[in-house]
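# Geometric and topological summary
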Amino acid sequence: MIVTVVSVSDGGTTTVSVPEARRRLATDRFLLLGVELPEEDEGPAQGPAEEPVVRQLGLDDEDLEWFGRPGGSPRAEFLGDTAGFVVPVVRHGQVHHVHALASETFLVVVHWGRRAGLAGDIRALVRRERPRDAVAALFLLLQEALSTFRRAAVQALLQVEELEDDMFEARRPEQIYRLSQLRRHSAVLHHTLLPYLQGVDEVITRRMLSPDFPVERQRLAQEFQRAARLVLADIESLQDASRRAFASYGSLVAGEQNGVINRLAIVSVIFLPLSFLTGFFGMNFEFLTNRLETRDEFWLLAVGLQLVAVVGPLFLLHRSRIWRRLRDDD
């Protein structure tokens, strides 16, 4: 477990030992603490004899058993004077979860591995915004987590639009596979973010109704709710764009199938009369066997009628809309 302290003055970080972090949590007036645990695929965060994170940091509470444990679902809840969150974050196309615990004097952020963390982003935000207390720093963290979803949604939306443009130039099978991946990605973003925002909105609304909730924090909460609605709208726009791209792909396939059917219809128009004439003159009845005996009669009926049957439909097709439509499609 790596514990770092983020400086509010310049956004720098200092690595400290667990006992030092525990002491500063109990004494400092305002402390931003980051805890990095091994990634989940590298093994459990705590060994058999290792204490949970909350107990090591001196924050042991029955209601905080979930804090610092991997695999938790998104949540938001107030525990007296402490607020706990499991915040979803999008990193490298995957959704990770960051645990945050805030009170009046500290903000503790737990993440697994460097890829899932917000350490660099939080340092930049703290250096730029200079939060006055831990609650303001918490809202910065929540806003930055929303920004990762916004960036992921916008990037995926641009990819869907590029694929849709490419489809109209040249349709390829791999495009539908890529569209399926982007549509699945949009569903994961929506499925992850929506329950989290609903939980956070419920908790924030309940706190805002309290008369002792400060006005400055009400403003921060309202800004977060407004940003959350915008991010959710971006993800829904991504879902609509992916559905539209699938519909466009289906329309292109249907158009190509219509062209094939039209060509088959032209072939049928040409060969059906020929098949009829062949079948008719292949019958063994008296008129054909006894009367049609000369070469001129053969050329007139056997060949002349077939030429008329071929040239006539081709001339009619050439003068019709179907021929022009096929020529324009080509």
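Up top you'll find the structure we're talking about.
Model, not experiment: these values are computed from the prediction. (Residues numbered from 1 in each chain as written. Predicted model: local features only at pLDDT ≥ 70, side-chain atom pairs only at ≥ 80, totals over all residues. Heavy atoms only, no water.)

### Here we look at the sheet that holds strand 3 (residues 31-37)
Spatially, seven strands are ordered 2-1-3-7-6-5-4 in an open sheet, and the strand pairing comes out mixed. In this open sheet, the two edge strands, each paired with only one partner strand, are strand 2 (13-16) and strand 4 (75-79). Geometrically, the sheet is characterised by an average inter-axis angle of 25 degrees between neighbouring strands, direction not taken into account. Strand direction decides the pairing type here: strand 6 (residues 94-102) and strand 7 (residues 106-112), joined by four bridges, are antiparallel. Its bridge partner being in strand 7, H99 is matched across the sheet by V110. Along the sheet, helix 1 (residues 18-27) makes contact with strand 1 (2-6), strand 2, strand 3 and strand 7, crossing strand 3 at roughly 150 degrees. Sheet contacts for helix 4 (residues 134-169): strand 3, strand 5 (82-91), strand 6 and strand 7; angle to strand 5, the most-contacted strand, approximately 25 degrees. (Pairing = 2+ DSSP bridges. Helix = DSSP H or I, 4+ residues; strand = E, 2+ residues; numbered from the N terminus. Axes fitted to C-alpha atoms, helices over the stretch in contact; angles between N-to-C directions. Contact = heavy atoms within 4.5 Å.)

### Details of a nonpolar patch on the surface
On the surface, F276, F280 and M283 cluster together into a nonpolar patch covering about 320 Å² of accessible area. Within the fold, F276 resides in helix 6 (residues 215-281). (Patch = residues over 30% accessible without salt bridge, like charges linked within 9 Å, V, L, I, M, F, W, Y side chains within 5 Å. Areas by Shrake-Rupley, 256 points an atom, 1.4 Å probe, with all protein chains shown as cover. Salt bridge = Lys/Arg side-chain N within 4 Å of Asp/Glu carboxyl O.)

### A closer look at the nonpolar core
Among the nonpolar cores identified, the biggest contains 53 residues, and F85, L107 and F224 are the most heavily contacted of them. Elements represented by at least two residues in this core include exactly strand 5, strand 6, strand 7, helix 4, helix 5 (173-208) and helix 6. With 17 residues, the single largest contributor to this core is helix 4. Here F224 is in contact with F139, L142, Q143, L146, Y196, L197, V200 and I204, once residues within four sequence places are set aside. Counting residues in each nonpolar core, the second largest holds 22 residues, with V5, L31, V54 and W66 among its members. (Core = buried A, V, L, I, M, F, W, Y, C linked by side-chain atoms within 4.5 Å. Buried < 20%, exposed > 50% of the residue type's maximum accessible area, 1.4 Å probe, protein only.)

### Remarks on the pattern of salt bridges
If you walk through the whole model with that rule in mind, you get eight salt bridges. Here R75 makes a salt bridge to E77, at a shortest N to O gap of 3.3 Å.

### Things to note about the pairing of strand 7
In the case of a regular strand, side chains alternate between the two sheet surfaces. Counting buried positions along strand 7 gives seven out of seven residues, so the element sits mostly inside the fold. Covered by surrounding structure in strand 7 are F106, V108, V110 and W112 together with L107, V109 and H111, the residues of both alternating faces. As paired strands, strand 3 and strand 7 are joined by seven bridges and run parallel to one another. Bridge pairing in strand 7 places L33 opposite V108. Between strand 6 and strand 7, which pair antiparallel and follow one another directly, the connecting turn spans three residues.

### Quick look at a negative patch on the surface
Together, E161, E162, D165, D166 and E169 make up a negatively charged patch on the protein surface. Looking at where E162 falls in the secondary structure, it is placed in helix 4. (Lys, Arg positive; Asp, Glu negative; His and termini not counted. Charge placed at Lys NZ, Arg CZ, Asp CG, Glu CD.)

It is worth stressing that arrangement in space is one thing and function is another; only the former is reported here.
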